[in-house]
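Spelled out from the first residue to the last, the chains are:
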Amino acid sequence: MIKLRPHHSLCMQFFIGNGYSHKFTENMYATLALPRDTEIEITYDLDHLCQACPNHPGEICTSEIHVAEIDKKVSLENHFHARQRLTMDEFFKASKKNIIIPGKLHEICGDCDFINICEIEAANISR
């Protein structure tokens, strides 16, 4: 079981190797390689992917306000709640069904630095 923040249900689906650092990118690829039936637990704190992110030099993310807002929006669309457990496949499918396919990505993540990459990838997923 791994803990993941709600917004990672989007980021992970669009990841193409552009990351914050080599360590982050390696951790993301390793996480993406996990079986789709891997159990995850929803968290609103630092998670499995955050452990390798240079944006959290301590106990809190330097982008916490921004990230928490995206987590909130994703949770509302997907009906996620703290400590909820589901498979990685269910985690991804919720965002695909409720955010990607209905075209809500820009509404949710419009101010993210990676939005241009994600929108291109989302167009491929939505087809």
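Note: the structure precedes this text.
These lines cover the structure that appears in this document, whether it is placed above or below. (Residues numbered from 1 in each chain as written. Predicted model: local features only at pLDDT ≥ 70, side-chain atom pairs only at ≥ 80, totals over all residues. Heavy atoms only, no water.)

## With respect to the overall build of the chain
Phase 1: For the chain, the helix and strand inventory stands at six helices and three strands.
Phase 2: Counting from the amino terminus, the chain carries its helices and strands in the arrangement β-α-α-β-α-β-α-α-α.
Phase 3: Here the C-alpha radius of gyration of the chain, 13 Å, is about what a compact globule of 127 residues would show, namely 14 Å.
Phase 4: In terms of overall dimensions, the chain has C-alpha extents of about 35 × 30 × 25 Å along its principal axes.
Phase 5: Of all 127 residues assigned to the chain, the portion counted as buried reaches 43%.
Phase 6: If you take every contact in the chain between residues at least 6 apart in sequence, the share linking residues at least 24 apart comes to 74%.
Phase 7: Working note: accessible area of the chain is about 7000 Å², and carbon and sulfur atoms make up 53% of it.
Phase 8: One way to put it: in the chain the 13 positive side-chain charges average out to a point 5 Å from where the 18 negative ones average out. (Helix = DSSP H or I, 4+ residues; strand = E, 2+ residues; numbered from the N terminus. Rg over C-alpha atoms; globule rule 2.2 N^0.38 Å. Buried < 20%, exposed > 50% of the residue type's maximum accessible area, 1.4 Å probe, protein only. Contact = heavy atoms within 4.5 Å. Areas by Shrake-Rupley, 256 points an atom, 1.4 Å probe, with all protein chains shown as cover. Lys, Arg positive; Asp, Glu negative; His and termini not counted. Charge placed at Lys NZ, Arg CZ, Asp CG, Glu CD.)

## Some thoughts on the side chain of S9
Phase 1: Looking at where S9 falls in the secondary structure, it is placed in helix α1 (residues 8-14).
Phase 2: If we skip the residues at most four places from it in the chain, S9 touches V74, N78, F80, F91, F92 and S95.

## A closer look at the environment of Q13
Phase 1: Residue placement: Q13 occurs in helix α1.
Phase 2: Remark: the alpha-carbon pair of Q13 and I125, spanning 112 residues in sequence, is separated by 8.8 Å.
Phase 3: Setting aside anything within four residues of it in sequence, one finds Q13 in contact with F92, S95, K96, I100 and I125.
Phase 4: Within the local environment of Q13, its side chain forms a polar contact with the backbone oxygen of F92, the two atoms lying 3.1 Å apart. (Polar contact = N/O pair within 3.5 Å; in protein donor to acceptor, adjacent residues only side chain to side chain.)

## So, the packing of helix α3 (residues 64-78) against helix α4 (residues 88-100)
Phase 1: For the pair α3 and α4, the least separation of the axes is 9 Å and the interaxial angle reads 90°. The pairing of α3 with α4 is recorded here as roughly perpendicular in orientation. Together, V74, E77 and N78 of α3 and A94, S95, N98 and I99 of α4 make up the contact between the two elements.
Phase 2: When its residues are assigned to classes, the contact of α3 with α4 shows three nonpolar, three polar and one charged. (Axes fitted to C-alpha atoms, helices over the stretch in contact; angles between N-to-C directions. Parallel < 35°, antiparallel > 145°, perpendicular 65-115°, else oblique. Nonpolar A, V, L, I, M, F, W, Y, C, P; charged D, E, K, R; others polar.)

## Remarks on the nonpolar core
Phase 1: Core analysis: the largest hydrophobic core is formed by 29 residues, its most contacted members being L10, M12, I40, F91 and L105.
Phase 2: At the level of secondary structure, the elements contributing two or more residues to this core comprise β1 (2-4), α1, α2 (22-32), β2 (39-42), α3, α4, α5 (105-109) and α6 (115-126).
Phase 3: The dominant element in this core, judged by the number of residues it contributes, is α4, at six residues. (Core = buried A, V, L, I, M, F, W, Y, C linked by side-chain atoms within 4.5 Å.)

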